[in-house]
Amino acid sequence: IYMSMNGALWMTDHSGKMKGINSIGTSCAENPFCIERRKNGDSVCSHCYAATYMKMRKSLQAHLAENANILTTRLLKENEIPVTNAHVFRFESFGDLYNTTHLANYVLICERNPFTKFGLWTKNTWVLDELFNKNGVKKPENLSIVVSSPLLNQPIELNREKFWFVDHIFTVYDKKFIADNNVNVNCGARDCLGCQRCYHRDADFYVREKLK
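Figured I'd write up the structure that's included with this text. Everything quoted here is computed from the prediction, not taken from an experiment. (Residues numbered from 1 in each chain as written. Predicted model: local features only at pLDDT ≥ 70, side-chain atom pairs only at ≥ 80, totals over all residues. Heavy atoms only, no water.)

**Regarding the overall build of the protein chain**
Alright, step 1. Per the secondary structure count, the protein chain includes 7 helices and 8 strands.
Alright, step 2. Taking 2.2 N^0.38 as the reference for a compact globule, 212 residues should give roughly 17 Å; the C-alpha atoms of the protein chain span a radius of gyration of 16 Å, in line with that estimate.
Alright, step 3. For the C-alpha atoms alone, the extent of the protein chain along its principal axes is close to 55 × 40 × 30 Å.
Alright, step 4. Buried positions account for 51% of the 212 residues belonging to the protein chain.
Alright, step 5. Taking contacts inside the protein chain between residues at least 6 apart in sequence as the whole, the part at least 24 apart equals 70%.
Alright, step 6. With the model as given, the accessible surface of the protein chain reaches about 10,700 Å², and the carbon-plus-sulfur share is 50%. (Helix = DSSP H or I, 4+ residues; strand = E, 2+ residues; numbered from the N terminus. Rg over C-alpha atoms; globule rule 2.2 N^0.38 Å. Buried < 20%, exposed > 50% of the residue type's maximum accessible area, 1.4 Å probe, protein only. Contact = heavy atoms within 4.5 Å. Areas by Shrake-Rupley, 256 points an atom, 1.4 Å probe, with all protein chains shown as cover.)

**Section: the pairing of strand β6 (residues 143–148)**
Each regular strand displays side chains that alternate between the two surfaces of the sheet.
Alright, step 1. The buried count for β6 comes to 6 of 6 residues, which makes it a mostly enclosed element.
Alright, step 2. The alternating pattern of β6 places Leu143, Ile145 and Val147 on one face and Ser144, Val146 and Ser148 on the opposite face, and all of these are buried.
Alright, step 3. Across 5 bridges, the pairing between strand β5 (residues 117–122) and β6 is parallel. Pairing of leucine 120 across the sheet is with isoleucine 145, part of β6.
Alright, step 4. Of the crossover connections in this fold, the one passing from β5 over helix α5 (residues 125–134) to the parallel β6 is right-handed.
Alright, step 5. Examined bridge by bridge, β6 and strand β7 (residues 168–173) share 3 bridges and lie parallel to one another. Looking at β7, one finds that valine 147 is bridged to isoleucine 169. (Pairing = 2+ DSSP bridges. Right-handed = clockwise from strand over helix to strand, strands pointing away.)

**Considerations on the packing of aromatic side chains**
Alright, step 1. Enumeration according to the criterion identifies 12 aromatic pairs in this entry.
Alright, step 2. Aromatic pair phenylalanine 91 and phenylalanine 118: ring centres 5.0 Å apart, planes at 10°, arrangement stacked. Note that phenylalanine 91 is positioned in strand β4 (residues 88–91) and phenylalanine 118 in strand β5, a separation of 27 residues in sequence.
Alright, step 3. Of the residues examined, phenylalanine 91 reaches a relative accessible area of 0% and is grouped as buried.
Alright, step 4. By the ring-pair criterion, three or more aromatic residues cluster together here, those being Phe89, Phe91, Tyr106 and Phe118. (Phe/Tyr/Trp six-rings, centres within 6.5 Å; stacked < 30°, edge-to-face > 60°.)

**Quick word on the state of the cysteines**
Alright, step 1. The final tally for this structure, using the stated rule, is 0 disulfides.
Alright, step 2. The closest cysteine sulfur to the non-disulfide-bonded cysteine 45 is located on cysteine 34, 6.1 Å from its own sulfur.
Alright, step 3. Just so you know, cysteine 198 is unpaired, no disulfide at all, and the nearest cysteine sulfur is the one on cysteine 187, 6.2 Å from it. (Disulfide = S-S within 2.5 Å.)

**Looking at the side chain of asparagine 124**
Alright, step 1. By the secondary structure assignment, asparagine 124 is in the loop between β5 and α5.
Alright, step 2. Of the polar contacts made by the side chain of asparagine 124, one reaches the side chain of arginine 37; its length is 3.0 Å.
Alright, step 3. In contact with asparagine 124, not counting residues within four places along its chain, are Phe33, Arg37, Asp96 and Leu97. (Polar contact = N/O pair within 3.5 Å; in protein donor to acceptor, adjacent residues only side chain to side chain.)

In structure tokens:
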């Protein structure tokens, strides 16, 4: 089920593991960073479910492309900032950040909805650094930032002092690596709403998911 918000941004009402969680985001099929990463066979992006899903849902891809056009080119006007009564809400379930304008708009949405817990997944750490460190924008208290490791079986290493705003590192592991290395898979992969580990800043810093 898909619905527009305020006649501008498109919100997705998910099924499957994200049932009960709404999201606003963009399409990996349009994002140049995502497209480049999918070319690497060792990258988790080469196994991207969203890229396959986009091929089957052309109308959704078009809506998410329009989201990108709005979110990445200008700051939202006050009457365009979505209001939600959701307890948890996700940014970028199908794509990734383009630039600091994109991230700044998510900050505006968080500030407009202070009682909602927002989760943002990204591999583009330089965008985070640019907005929060170099531009001095305050990170909202209700925003949990999850950095996704670009490679399978390899948690990304970050300077925790520099990237103080990162709440979780999310890494995907394949079945063999899990068995050989006794990896503790702590992602509630079948039920994000029931798990919510990524949305809470005081939960495990390293989140591990089994490759589907």
